[in-house]
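Structure at a glance
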Amino acid sequence: METRFTKGKSAILERPLTRPKTEVSVSAFALLFSEMVQYCQSRVYSVSELQARLAEMGQGVGVSLLDVLVLREKNGKRETKVLNILLFIKVSVWKSLFGKEADKLDGFPAKVTVHWHKGTTLMIKFDEAVIARDKALEGR
């Protein structure tokens, strides 16, 4: 056991602290996703309950992913300005999810206001044209 410490640095001590970017195979991801959906389906009685359970699982995954990305990319510093948050999503979040940066940030005519309700809340009121377009797309 002593030889382990006297021969020099061990392999684990020589590894960098930051994790390398790794990819998950599509088949492994599909299997995991399928299992999550089947698990939720077996424990609900309606489509709305299924949607709620999947949304709850997705929120947990999203929050964990965001925590990891903020820690790795921003050294734990949280952005407070809307433009910087959007750029963080465009570059870091999008790249970790889809393997490349988002092509562009599409802007919608909207009014953004900040309110206090159990924490800081951004309220986004979209222009009527955006809402009408969304309803038209929903009917497809």
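Residues numbered from 1 in each chain as written. Predicted model: local features only at pLDDT ≥ 70, side-chain atom pairs only at ≥ 80, totals over all residues. Heavy atoms only, no water.

Attention now moves to the overall build of the protein chain. Check the secondary structure of the protein chain and you find six helices and two strands. Going from the N terminus to the C terminus, the protein chain shows its helices and strands as α-α-α-α-α-β-β-α. In the protein chain, buried positions account for 9% of the 140 residues. Residue pairs at least 24 apart in sequence account for 13% of intrachain contacts in the protein chain once pairs closer than 6 positions are excluded. For the protein chain, the exposed surface amounts to about 12900 Å²; the carbon and sulfur share of it is 60%. (Helix = DSSP H or I, 4+ residues; strand = E, 2+ residues; numbered from the N terminus. Buried < 20%, exposed > 50% of the residue type's maximum accessible area, 1.4 Å probe, protein only. Contact = heavy atoms within 4.5 Å. Areas by Shrake-Rupley, 256 points an atom, 1.4 Å probe, with all protein chains shown as cover.)

Let's shift gears to the environment of E128. You can see E128 is positioned in helix α6 (residues 128–138). Placed 18 residues apart in sequence, E128 and A110 show a C-alpha to C-alpha distance of 9.1 Å.

With that settled, consider the packing of helix α4 (residues 47–74) against helix α5 (residues 82–98). Look at α4 against α5: their axes get within 11 Å of each other, and the N-to-C directions meet at 115°. Relative to α5, α4 is oriented so that their crossing is right-handed. Together, L65, L66, L69, V70, E73 and K74 of α4 and F88, S92, V93, S96 and L97 of α5 make up the contact between the two elements. (Axes fitted to C-alpha atoms, helices over the stretch in contact; angles between N-to-C directions. Left-handed = near helix turned anticlockwise from the far one by under 90°.)

Next up on the list: the packing of helix α3 (residues 26–41) against α4. Contact pair α3 / α4: the axes reach a minimum separation of 9 Å and the direction vectors enclose 135°. Taken together, α3 and α4 sit at an angle that is classed as oblique. Remark: the crossing between α3 and α4 carries right-handed chirality. Counting all contacts with α3, which are made through M36, V37, Y39, C40 and Q41, the residues of α4 involved are L50, R53, L54 and M57. Of the residues that constitute the contact of α3 with α4, the class distribution is seven nonpolar, one polar and one charged. (Parallel < 35°, antiparallel > 145°, perpendicular 65-115°, else oblique. Nonpolar A, V, L, I, M, F, W, Y, C, P; charged D, E, K, R; others polar.)

Direction of pairing for strand β1 (residues 110–116) relative to strand β2 (residues 120–126): antiparallel, over a ladder of seven bridges. When the sheet's bridge partners are listed, V112 is paired in β2 with I124. From the end of β1 to the start of β2, which pair antiparallel, there are three residues, and K118 there has a positive phi angle of about 55°. (Pairing = 2+ DSSP bridges.)

Locating S92 in the fold gives a position in helix α5. In this view, S92 contacts L69, E73 and L87; residues no more than four positions away in its chain are not counted.

We now examine the pattern of salt bridges. If you walk through the whole model with that rule in mind, you get two salt bridges. A salt bridge links K74 to E79; the nearest nitrogen and oxygen atoms lie 2.9 Å apart. K74 gets classed as partly exposed once you look at its relative accessible area, which sits at 29%. E101 serves as the salt-bridge partner of K90, at 3.6 Å between the closest nitrogen and oxygen. On the criterion of sequence distance, the pair formed by K90 in helix α5 and E101 in the loop between α5 and β1 is long-range, its members being eleven residues apart. Residue classification places E101 among the partly exposed positions, given a relative accessible area of 38%. (Salt bridge = Lys/Arg side-chain N within 4 Å of Asp/Glu carboxyl O.)

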